[in-house]
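# Observations on chain architecture
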Amino acid sequence: MDMDLSTMMSEELAIFGVQSCEKWGAIRELAALLMQKNYIKSMEHFIDAVREREKMVSTGIGDGIAIPHAISPAVLTPAIVFGRSLKGVEYDSIDNQPVFMLFLFAIPATGVEKDYLRTLAALARLLVHENVKKNLMAAKNFKDVRKTLQENSVR
Amino acid sequence: MKIVVVSACSTGVASTYMASEALELAAKARGHEVLAETQGTIGIENEVSFDDAQSSDIIILARDIKILGLERFEGKKILEVQVGEAIRKAAEVIQRAEKMVLEK
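Residues numbered from 1 in each chain as written. Chains lettered and ligands numbered in written order. Predicted model: local features only at pLDDT ≥ 70, side-chain atom pairs only at ≥ 80, totals over all residues. Heavy atoms only, no water.

## Structural notes on the overall build of chain B
- Secondary structure summary: chain B contains 4 helices and 5 strands in total.
- In chain B, the order of α-helices and β-strands from amino to carboxyl end is β-α-β-β-α-β-β-α-α.
- Over its C-alpha trace chain B gives a radius of gyration of 12 Å, about what one expects of a compact globule, namely 13 Å for 104 residues.
- Taken along the three principal axes of its C-alpha coordinates, chain B extends 35 × 30 × 20 Å.
- Here the analysis covers contacts within chain B between residues at least 6 apart in sequence; of these, 59% occur between residues at least 24 apart.
- In the form shown here, chain B has an accessible surface area of approximately 4900 Å², with 49% of it arising from carbon and sulfur atoms.
- Within chain B, the 17 negative side-chain charges are centred at a point lying 6 Å from the centre of the 13 positive side-chain charges. (Helix = DSSP H or I, 4+ residues; strand = E, 2+ residues; numbered from the N terminus. Rg over C-alpha atoms; globule rule 2.2 N^0.38 Å. Contact = heavy atoms within 4.5 Å. Areas by Shrake-Rupley, 256 points an atom, 1.4 Å probe, with all protein chains shown as cover. Lys, Arg positive; Asp, Glu negative; His and termini not counted. Charge placed at Lys NZ, Arg CZ, Asp CG, Glu CD.)

## Section: the environment of A:L102
Residues and elements named next belong to chain A.
- Residue placement: L102 occurs in strand β6 (residues 99-108).
- Here L102 falls in the buried class, since its relative accessible area comes to 0%.
- Put simply, L102 and V75 are 27 residues apart on the chain and 18 Å apart in space, counted from C-alpha to C-alpha. (Buried < 20%, exposed > 50% of the residue type's maximum accessible area, 1.4 Å probe, protein only.)

## Let's talk about the nonpolar core
- With 54 residues, the main nonpolar core has A:M9, A:F103, A:L127, B:L23 and B:I60 as its most contacted residues.
- With 8 residues, helix α1 (residues 14-29) of chain B is the single largest residue contributor to this core.
- In this structure, A:F103 is in contact with A:M9, A:I65, A:A66, A:I67, A:P68, A:I80, A:V81, A:F82, A:L123, A:L127 and A:L136, ignoring residues within four places of it in sequence.
- Among the nonpolar cores identified, the runner-up in size contains 29 residues, and A:I15, A:M43, A:A66 and A:Y91 belong to it. (Core = buried A, V, L, I, M, F, W, Y, C linked by side-chain atoms within 4.5 Å.)

## Quick word on the side chain of A:S85
Residue and element names in this part refer to chain A.
- Examined against the element boundaries, S85 turns out to sit in strand β5 (residues 79-89).
- Residue classification places S85 among the buried positions, given a relative accessible area of 1%.
- A distance of 3.5 Å separates the side chain of S85 from the backbone nitrogen of K87, its partner in a polar contact.
- Of the polar contacts made by the side chain of S85, one reaches the backbone nitrogen of G88; its length is 2.8 Å.
- Once you skip the residues sitting within four places of it in the chain, S85 turns out to touch V18, V99 and F100. (Polar contact = N/O pair within 3.5 Å; in protein donor to acceptor, adjacent residues only side chain to side chain.)

## Here's the deal with the packing of α1(B) against helix α4 (residues 90-102) of chain B
All names here are of chain B.
- Packing of α1 against α4 brings their axes to within 8 Å, and their N-to-C directions diverge by 60°. Of the possible angle classes, the one that applies to α1 and α4 is oblique. Handedness of the α1/α4 crossing: right-handed. Residues A22, L23, A26 and A27 of α1 pack against A90, A91, V93 and I94 of α4.
- Tallied by class, residues from the contact of α1 with α4 come to 8 nonpolar, no polar and no charged. (Axes fitted to C-alpha atoms, helices over the stretch in contact; angles between N-to-C directions. Parallel < 35°, antiparallel > 145°, perpendicular 65-115°, else oblique. Left-handed = near helix turned anticlockwise from the far one by under 90°. Nonpolar A, V, L, I, M, F, W, Y, C, P; charged D, E, K, R; others polar.)

## Describing the interface of chain A and chain B
- Tallying the contact residues gives 21 residues for chain A and 15 residues for chain B.
- The junction of chain A with chain B conceals about 1600 Å² of combined surface from both sides, 62% of it contributed by carbon and sulfur atoms.
- Counting every contact that joins chain A to chain B gives 3 salt bridges.
- Elements with a contribution of two residues or more to the side of chain A that touches chain B: α3 (43-56), β2 (60-62) and α4 (113-126) of chain A.
- The element best represented in the side of chain A that touches chain B is α4(A), accounting for 7 residues. (Buried area = accessible area lost by both parts, 1.4 Å probe. Salt bridge = Lys/Arg side-chain N within 4 Å of Asp/Glu carboxyl O.)

## Some points on the sheet that holds strand β5 (residues 78-81) of chain B
Residue and element names in this part refer to chain B.
- Sheet architecture is open: 5 strands sit in the order β3-β2-β1-β4-β5, paired in mixed fashion. Whereas interior strands pair on both sides, the edge strands pair on one side only; in this sheet they are β3 (43-45) and β5. Here the average twist between neighbouring strands, direction ignored, is 15°.
- In terms of strand pairing, strand β1 (residues 2-8) meets strand β2 (residues 33-40) through 6 bridges, oriented parallel. Looking at the pairing, I3 lines up with V34 of β2.
- The sheet contacts of α1 involve β1, β2 and β4 (58-63), and relative to β2 the element is tilted by about 175°. (Pairing = 2+ DSSP bridges.)

In structure tokens, the structure reads:
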């Protein structure tokens, strides 16, 4: 498994059963975990950065997946929060379909953003594979998610 | 067939790589050899050489912005598609490329 994907994701940063069915509510839910566990030092600054990125083009990449992300000085430790919505989140995705899986990327503004963007790119590539999408949707817990990503990242 | 794919999307983070991945998968599924270069926010990766470009059967440009290094593809058949199309309809794009190669 890509070192960065593995170190950026963890059981404590996973929500199975995202409550909000609205884009920003869902993103805030995931960001709240980052705040709680000290990965970011300001919810508002971090969310602002996510909003700025979202203005360019929606991170709802289709097929029920979203990869919101932000590079921000509010990020203390780079991390990825995984969120699974059972009811679907209205996200304004490029295919106009609801989102069932979110990967919120928090990237520090330290000048080495490229490394983390590379990890985001690697995840995006994985998410092109039908079997990866299928297995992630079927994941019941973080172990399942990690297993799927691990099994598929060796190309 | 030997196919060269270059993808470049203005937002550069996910789409560029997804287009590249989708086209690579579709091309390999059809038994083709494929070299895929990405021009995204993290810079140019897996840059295709002039020689590799010239010895290919066709160049596929999946792009929403200008591609750098077009001079490498001088004289080659080029199929241009939108990044979104490459991601969602990769198999069709490869089939179109195949047709183009077979045409005079």
